[in-house]
Amino acid sequence: SPSVSFAYERGWRQGFAAAGFPGADEEFDMAKEYFAPVIQQKRDKSQDSVLVDMSCATGLFTRRFAKSGEYSRVIACDYSDSMLTEARRR
């Protein structure tokens, strides 16, 4: 729903820490580290590195991946139209 999409980064996502998630900054660093070997292989071959963020929600990590400059293209996908609307808004 649009209400959930609006609230996702404004409070709900912060509650993940209580469940043991390390937080958005560390999760992003972990994801970049996970993808690094493949990205390096793509660079070595002068190939584009496209990242698809499946279930992107409001684009919290999509925006970080795009701003990092590590990927030639970042694509955001989500089943929820309201989450994609919120991602576009941000």
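Draft legend 1. Summary view of the nonpolar core. In this structure, Ala24, Phe28, Ile39, Leu51, Leu60, Phe61, Phe65 and Tyr71 together form the largest nonpolar core, which totals 8 residues. Among all residues touching isoleucine 39, those that are not within four sequence positions of it are Ser49, Glu70 and Tyr71.

Draft legend 2. Looking closely at the packing of helix α1 (residues 2-12) against helix α4 (residues 81-89). The interhelical angle for the contact between α1 and α4, taken along N-to-C directions, is 50°, at an axis separation of 8 Å. The orientation of α1 with respect to α4, classified from their angle, is oblique. Read as a crossing pair, α1 and α4 show a hand that is right-handed. Here α1 contributes Pro2, Val4, Ser5, Phe6, Tyr8 and Arg10 to the contact with α4, which in turn contributes Ser82, Met83, Glu86 and Arg89. Across the contact of α1 with α4, the residue classes tally to 5 nonpolar, 2 polar and 3 charged.

Draft legend 3. Quick peek at the packing of aromatic side chains. Taken as a whole and judged by the stated rule, the model has 4 aromatic pairs. Ring pairing ties together the aromatic residues Phe28, Tyr34, Phe35, Phe65 and Tyr71, which thus form one cluster.

Draft legend 4. Inspection of the side chain of threonine 58 at higher detail. Inspection of the secondary structure puts threonine 58 in the loop between β1 (50-54) and α3 (60-68). Look at threonine 58 and you get buried, because its relative accessible area is 0%. In this view, threonine 58 contacts Ser5, Tyr8, Glu9, Arg63, Met83, Glu86, Ala87 and Arg90; residues no more than four positions away in its chain are not counted.

About the cut-offs
Residues numbered from 1 in each chain as written. Predicted model: local features only at pLDDT ≥ 70, side-chain atom pairs only at ≥ 80, totals over all residues. Heavy atoms only, no water. Core = buried A, V, L, I, M, F, W, Y, C linked by side-chain atoms within 4.5 Å. Buried < 20%, exposed > 50% of the residue type's maximum accessible area, 1.4 Å probe, protein only. Contact = heavy atoms within 4.5 Å. Axes fitted to C-alpha atoms, helices over the stretch in contact; angles between N-to-C directions. Helix = DSSP H or I, 4+ residues; strand = E, 2+ residues; numbered from the N terminus. Parallel < 35°, antiparallel > 145°, perpendicular 65-115°, else oblique. Left-handed = near helix turned anticlockwise from the far one by under 90°. Nonpolar A, V, L, I, M, F, W, Y, C, P; charged D, E, K, R; others polar. Phe/Tyr/Trp six-rings, centres within 6.5 Å; stacked < 30°, edge-to-face > 60°.

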